[in-house]
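Take a look at the letters that make up each chain.
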Amino acid sequence: MPDLHKHTSGQTGHLVGIYMKRTAVGLLFIAGVLALLVASVDPAAQAMAQGSQKVGLVVKFGDGTVFTDCIDYTGPGMTGEDVLDGSGLSLVKDLSYGLGAAICKIQQDGCNYPQEHCFCQCEGAACEYWAYYHLDQQKGEWVYSGMGASWNTVQAGDVEGWAWGNGEVGGSDVEPPLATFEELCGPPTATPTRTPRPSPPVVEFTADPEDIVAGGCSTLRWMVDNGEVVALDGEGVRPDDARYVCPPETHTFELLVLNAAGEFDYEVTISVRQPTATPYPAATHASPPTPTSRATSPPRPPTGTPTAEQPEARTSPPSTPRPTVVAMLSTATPAEPEPQDAAIAQPTIPTTASEEAPDETVGLDGILLLLGVGAGTLGFGTVAFAATVILLLAIYLRARAQF
Amino acid sequence: MYHTLTWMIWLGAALLPAMITRNPLYLTILLLAVAVAYKTLGRLSPMAASWSLFLKAGLLLAVVSVLFNTLTVNYGDTLLFTLPRLSLRIGRVPLLELGGEITLEAIVFGLTSALSLVAILLIFATFNVLVDHHRVLRLTPAFLYQTGMIASIAIAFVPQMVSALQDIREAQAIRGHRFRGIRDLLPLFVPLLTTGLERAIQLAESMEARGFGSSTSDQTGRPRTVHRMLIAAALFGLLVAAFSFGYYPDARWLSAVLGAASIGLLLGNVLVMSRRVKRSRYRRELWRRRDTLVSAASVASIFVVGGFWLLNMEALVFYPYPKVSPPDFNPLIGLAMLAVVTPVLTAPQKRRSPT
């Protein structure tokens, strides 16, 4: 018996040896395959060295208006989706399938996923959706993309096109208008041979009143001349319109106007006073100066002044698109109003300082949100959910004793 | 305990919300309700053990789903941290991109997808545990008994395999075989395959011996051909209706009328043909008061959830992108999910065994 035991253990040892060898060979093989496949690990670092290279973008909306932009090339991993993101246009994406995004809506054209499905206007015979193209720069024609925007990588100097309509392989009449890279991003040598610049829009954007007590409302009015796309806080709106708003706390409304000259941002802040915080006379006292100082941003000066000074801010192509909006604002808005704004805000509205915070994306923010999801704000829904779960538990406990 | 038809309606009521909503609150309630149904009614079933297998498979799927979504989707406003990006590509064409920016939204979406997957799996697992699949067979229309038979065999495939696997493992354990790694799967799979084949042959033989496939209808010749043609026409009409419903959104009412007419024709034919097939039953299932209660609750639940789906889709959707926010909870929908536990509430009290 002991002999047999020894024998088997010896055999096992031998087997283990073979097993380990095979595992090692297998691992080496897998590592080799992976090494062949992995072309780049973290290309973002290489991107820095690329300098100021650009990608052109042409977007043709359903009503025939065209938006063009010149986006910074961020590196070898940049996709068509990144280009579109960089334009600052408001997008609705469907990411339910894990492998990249489907573009459901750009500005006002498209489908509001998830309330409707992403291609809600492409149901059979009448099919309209955001068709995606690349510009074949040698032939000078648009080529319908064989891949989705999340999977298609772009190179510096490429031109990307999006058109709302029934796009097809092999060309159709919905293609965006042809625009070469030079037209979009200017000649690489920066010779000033550009054709007459398109003029910026003329915008009037006001709030009446600009100061309200918590629970009160105000009317936002805007009139846009020479604007192709107008969006209020990221939502497409008509060029001349008004909206009745009741912000619960101090809020800065943002009117984004796009036309051939670029994107223009206008702001109006409606400050909300908490009724308990300030005594009545102080509030009436403080309100007269606020409108003058708060009408900070470009909207106010009606027609003449902005057209004169804004083109300068636009023509220099933005370095990173989203921040540009902010950067443009700070260039358009003189530096003084901010401290002035804060100075006035301090006695009346102590909350103004926190206004900038929501735009930042920080990990802590996420954890707090997660806690918010978990604990809930003890609203009606949370209580109802908890009650349902408790009811289920009660049913279980009663039934368990019974069966 | 309950009529098989009751269980079928129950399955519909449980499955509908699991398929159409991603709202984690509703899915959690649904999961808990299904678990309660299993833990109370299902424990006594001979198939009870198969549930844990489904649970394990569900958890594995959930982990894969969360990891996949988190690593491949880099979209969302709430950036948690950034991992080095690993991209597998052939030339310029990317195969798979992993890592990069990890967002809370992607994790939340992965979790909700996982929750819905696990819910669907566990609903079927519980249905398997609670319902005898031989009884499901008897629900098919009389003239379609052959199809019913085949469907029932297909449904029984997984539970039978599970029990066979258990038998084999027990037998192997008695012989001193211990399951340690992937290599030990072979002595498990070979007997499983042979028992499976053996069972199939046995089944075929016993079916043959009972005259399966021979005609039981007294209908012959022309009338039968006419009925068959009518069924084919009804099915074709249904196909055309489904196609035109999707392809011509402007003329949906026309497609709906065509579809309804086709379904009517189909059902009428089935009724007429079934009446001519003589079938005898050895044991009849009883429809009791509790069946009525459970069915009514399930149908009400289907109506509530279906109504929301058709009229107010927004109440059911949960989409964390681009910035996650706490899901809504509508008490009416939450209540509709509780229909899944009605079989537990109305079940007869078990007599205590005199010990």
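Residues numbered from 1 in each chain as written. Chains lettered and ligands numbered in written order. Predicted model: local features only at pLDDT ≥ 70, side-chain atom pairs only at ≥ 80, totals over all residues.

A. Looking closely at the overall build of chain A. Looking only at helices and strands, one finds eleven helices and 19 strands in chain A. Long-range contacts, defined as pairs at least 24 residues apart, comprise 62% of the intrachain contacts of chain A with a sequence gap of at least 6. (Helix = DSSP H or I, 4+ residues; strand = E, 2+ residues; numbered from the N terminus. Contact = placed C-beta atoms within 7 Å.)

B. Structural detail: the overall build of chain B. Along the backbone of chain B there are twelve helices and two strands. Seen in sequence order, chain B has helices and strands lined up from the N terminus as α-α-α-β-β-α-α-α-α-α-α-α-α-α. Out of the 355 residues in chain B, the part that is buried amounts to 29%. A separation of at least 24 residues holds for 79% of the contacts in chain B among residues at least 6 apart in sequence. (Buried ≥ 20, exposed ≤ 12 C-beta atoms within 10 Å, placed from the backbone.)

C. Broad picture of the confidence of the model for chain B. Mean pLDDT over chain B stands at 86; residues scoring 70 or higher make up 95%. This prediction of the complex comes with two scores: 0.62 for pTM and 0.75 for ipTM. (pLDDT = per-residue confidence, 0-100.)

D. Representation of the nonpolar core. One finds B:Leu30, B:Ala33, B:Val34, B:Met337 and B:Val340 to be the most contacted residues of the largest nonpolar core, which totals 120 residues. Not counting residues within four places of it along the chain, the set of residues in contact with B:Leu30 comprises B:Ala14, B:Pro17, B:Ala18, B:Ala119, B:Met337 and B:Val340. (Core = buried A, V, L, I, M, F, W, Y, C linked by C-beta atoms within 7 Å.)

E. Summary view of the sheet that holds strand β16 (residues 235-237) of chain A. All names here are of chain A. Pairing within the open sheet is mixed, and its five strands lie in the order β13-β19-β18-β15-β16. Across the chains shown, the open sheet's two edge strands, defined by having one partner strand only, are β13 (211-213) and β16. Each neighbouring strand pair of the sheet contributes to a mean axis angle of 30°, computed without reference to strand direction. Note that β13 and strand β19 (residues 262-273) share three bridges and pair parallel. Of the residues in β19, the one forming a bridge with isoleucine 212 is valine 272. (Pairing = 2+ DSSP bridges. Axes fitted to C-alpha atoms, helices over the stretch in contact; angles between N-to-C directions.)

F. Layout of the confidence of the model for chain A. Residue and element names in this part refer to chain A. On average, residues of chain A carry a pLDDT of 68, and 57% of them reach 70 or more. By mean pLDDT, the top-scoring element of chain A is strand β2 (residues 54-60) (92), and the lowest-scoring one is helix α8 (residues 321-332) (34). Counting interchain partners and residues more than four positions distant, the pLDDT-below-50 stretch residues 1-13 has zero contacts. In the predicted structure, residues 277-362 sits below a pLDDT of 50 and forms 90 contacts with residues beyond four places in sequence or in another chain.

G. Structural detail: the environment of A:Thr180. One can find A:Thr180 in the loop between β11 (159-165) and α4 (181-185). The exposed category is assigned to A:Thr180, around which 12 C-beta atoms lie within 10 Å.

H. Molecular detail of helix α10 (residues 289-311) of chain B. Across its 23 residues, α10(B) extends 33 Å between first and last C-alpha, which sits within 8% of the 33 Å expected from 1.5 Å per residue. Listed as buried for α10(B) are B:Asp291, B:Val294, B:Ser295, B:Ala297, B:Ser298, B:Ser301, B:Val304, B:Val305 and B:Phe308. (Expected span 1.5 Å × (residues − 1).)

I. Representation of helix α1 (residues 4-20) of chain B in the model. All names here are of chain B. Here α1 contains 17 residues, and its C-alpha end-to-end distance of 25 Å stays within 8% of the 24 Å for a straight helix at 1.5 Å per residue. Of the residues making up α1, those classed as buried are Thr6, Trp7, Ile9, Trp10, Ala13, Ala14, Pro17 and Ala18. Buried positions along α1 lie against α2 (24-40), α4 (104-130), α10, α11 (331-337) and α12 (342-346).

J. Examining the sheet that holds strand β4 (residues 91-94) of chain A more closely. Residues and elements named next belong to chain A. Strand order in the open sheet made by the three strands is β4-β5-β6, with antiparallel pairing throughout. Edge positions in the sheet fall to β4 and β6 (109-110), since each of these pairs with one other strand and no more. Direction of pairing for strand β5 (residues 102-106) relative to β6: antiparallel, over a ladder of two bridges. Bridge pairing in β6 places isoleucine 106 opposite aspartate 109.

K. Focus on the packing of helix α11 (residues 380-402) of chain A against α2(B). At their nearest, the axes of α11(A) and α2(B) sit 10 Å apart, and the two run at 5° to each other. The orientation of α11(A) relative to α2(B) falls into the category roughly parallel. Between α11(A) and α2(B), the contacting residues are A:Phe385, A:Thr388, A:Val389, A:Leu392, A:Ile395, A:Tyr396, A:Ala399 and A:Arg400 on the first element and B:Leu25, B:Ile29, B:Leu32, B:Ala33, B:Val36, B:Lys39 and B:Thr40 on the second. Residue composition of the contact of α11(A) with α2(B), grouped by class: eleven nonpolar, two polar and two charged. (Parallel < 35°, antiparallel > 145°, perpendicular 65-115°, else oblique. Nonpolar A, V, L, I, M, F, W, Y, C, P; charged D, E, K, R; others polar.)

L. Inspection of unusual backbone geometry at higher detail. That bond from A:Asp208 to A:Pro209 is cis: its omega, -5°, falls within 30 degrees of zero. Considering the arrangement of structural elements, one finds A:Pro209 in the loop between β12 (202-208) and β13. In the segment running from B:Tyr321 into B:Pro322, the intervening peptide bond is cis, with an omega of -5°. With respect to the helices, strands and loops of the structure, B:Pro322 is situated in the loop between α10 and α11. For A:Gln107, which is not glycine, the phi dihedral falls at a positive 50°. Note that A:Gln107 resides in the loop between β5 and β6. Exposure remark for A:Gln107: the 24 C-beta atoms within 10 Å place this residue in the buried category.

M. Region of interest: the pairing of strand β10 (residues 141-144) of chain A. All names here are of chain A. As judged from the four bridges shared by strand β9 (residues 129-136) and β10, these two strands associate in the antiparallel manner. Of the residues in β10, the one forming a bridge with aspartate 136 is glutamate 141. As consecutive antiparallel partners, β9 and β10 are separated by four residues, and within that stretch glycine 140 has a phi angle of approximately 70°, a positive value.

N. Local environment of the environment of B:Ser244. Position of B:Ser244 relative to the elements: it lies in helix α8 (residues 222-247). Placed ten residues apart in sequence, B:Ser244 and B:Leu254 show a C-alpha to C-alpha distance of 8.7 Å.

O. Expanded view of the packing of α1(B) against α4(B). Residue and element names in this part refer to chain B. Running from N to C, α1 and α4 point in directions that differ by 170°, and their axes come no closer than 9 Å. With respect to α4, the element α1 is oriented roughly antiparallel. Touching Trp7, Leu11, Ala14, Leu15, Ala18 and Met19 of α1 are Ser116, Ala119, Ile120, Ile123, Phe127 and Leu130, all from α4. Here the residues of the contact of α1 with α4 sort into eleven nonpolar, one polar and no charged.

P. Expanded view of the pairing of β19(A). When you tally the buried positions in β19(A), you get eleven out of twelve residues, the bulk of the element. Linking two consecutive strands that pair antiparallel, namely strand β18 (residues 251-259) of chain A and β19(A), is a turn of two residues.

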